[in-house]
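Per-entry structural report
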Amino acid sequence: MRPFLDPDGDSVLILQSPQGEAMALVVVGWQKEVLVVQARVEGLEGVSTLQTNAWNAQRRWPRAWVQEGRVHLDFQVLLWGDLGRGLLASILLPVIAAIGEFLEWIEQEGGKEPVLAA
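A quick note: this is a predicted structure, and the numbers were derived from the prediction, not measured.

Procedures and definitions
All residue numbers here refer to positions counted from 1 along the written sequence of the relevant chain. Side-chain atom pairs in this predicted model are given and counted only at pLDDT of 80 or more, local residue features only at pLDDT of at least 70, and totals for whole chains, interfaces and linings cover all residues. The basis for every side-chain value is the complete set of non-hydrogen atoms in the structure, without hydrogens or water. Going along the chain from the N terminus, every DSSP run of H or I of four or more residues is numbered as a helix, and every run of E of two or more is numbered as a strand. Multiplying 1.5 Å by the residue count of a helix minus one yields the expected span of that helix. Here's how the labels work: a residue is buried when its accessible area is under 20% of the maximum for its type, exposed when over 50%, partly exposed in between, all with a 1.4 Å probe on protein chains only. Definition used for salt bridges: Asp or Glu carboxyl oxygen within 4 Å of a side-chain nitrogen of Lys or Arg. Only buried residues count toward a nonpolar core, which is a set of Ala, Val, Leu, Ile, Met, Phe, Trp, Tyr and Cys residues joined through side-chain atoms within 4.5 Å. Contact definition: two residues touch when any of their heavy atoms are within 4.5 Å. What makes two strands pair is DSSP finding at least two bridges between them. An axis is simply a line fitted to the C-alpha atoms; with a helix, the fit covers only the stretch in contact. Between two such axes, the angle follows the N-to-C directions and lies from 0 to 180 degrees. Here the aromatic set is Phe, Tyr and Trp, taking the six-membered ring for Trp, and pairing holds for ring centres within 6.5 Å; pairs whose planes are under 30 degrees apart are stacked, those over 60 apart are edge-to-face, and all others are tilted.

**Remarks on helix H2 (residues 85-108)**
- The first and last C-alpha atoms of H2 sit 34 Å apart over 24 residues, in line with the 34 Å expected at 1.5 Å per residue.
- Those residues of H2 that fall on the buried side of the exposure criterion are Ile91, Leu92, Val95, Ile96, Ala98, Ile99, Phe102, Leu103, Trp105, Ile106 and Glu107.

**Looking at the pattern of salt bridges**
- Using the criterion set out here, one finds three salt bridges in the structure.
- With a closest N to O distance of 2.7 Å, Arg40 and Glu42 form a salt bridge.
- Residue classification places Arg40 among the partly exposed residues on the basis of a relative accessible area of 32%.
- Residue classification places Glu42 among the partly exposed residues on the basis of a relative accessible area of 21%.
- Between Glu42 and Arg70 there is a salt bridge; the shortest N-O distance is 3.5 Å.

**Details of the nonpolar core**
- Counting 28 residues, the largest nonpolar core has Val26, Val37, Val41, Leu73, Ile99 and Phe102 as the members making the most contacts within it.
- Looking at this core, the elements with two or more residues in it are strand S2 (11-16), strand S3 (23-31), strand S4 (34-42), helix H1 (49-58), strand S6 (70-78) and H2.
- The residues contacting Phe102, other than those within four sequence positions of it, are Val41, Trp55, Ala64, Val71 and Leu73.

**Overview of unusual backbone geometry**
- For the bond running from Trp61 to Pro62, omega is -5 degrees, close enough to zero to count as cis.
- In this fold, Pro62 is placed in the loop between H1 and strand S5 (63-67).
- Phi is positive for Lys32, which is not a glycine, with a value near 60 degrees.
- As for its placement among the helices and strands, Lys32 is situated in the loop between S3 and S4.

**So, the sheet that holds S4**
- The sheet built from six strands is open, its strands ordered S1-S2-S3-S4-S6-S5 with antiparallel pairing. Strands with a single pairing partner mark the edges of an open sheet, and in this sheet they are strand S1 (4-5) and S5.
- Against the sheet, H2 contacts S2, S3, S4, S5 and S6, and its axis sits at roughly 20 degrees relative to S4.

**Points about the packing of aromatic side chains**
- Counted according to the given criterion, the structure contains four aromatic pairs.
- When the centroid spacing of 5.0 Å and the interplanar angle of 90 degrees are considered together, the rings of Trp55 and Phe102 count as edge-to-face. In this pair, Trp55 is assigned in helix H1 and Phe102 in helix H2, connecting sequence segments 47 residues apart.
- Residue classification places Phe102 among the buried residues on the basis of a relative accessible area of 0%.
- By way of ring pairs, the aromatic residues Trp55, Phe102 and Trp105 are connected into one cluster.

Following this line, the structure appears as structure tokens:
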């Protein structure tokens, strides 16, 4: 996996689902001391807020929501001080893997409206 840089200098990755229908455009960057990982999911039609809420209820991150018919994923963490490569990798790799898990989950489970426990 090799990122490329956007005009702002943020790293950009493209992840594709195993079935190849959905992909996520992932941007990793900084907003002052906050590490931000955001993804916009393409190739999915008709994902509901109930489905993203089901994901959010079952998993800690990335947070998912639907806005204007498009799925967005987000993870942010405040980090002060010096960061080593190991610490940064231990934060980023699980989050990026979870974005891939979301793509797989939404294609497998996402076709069914979830039943959320009250």
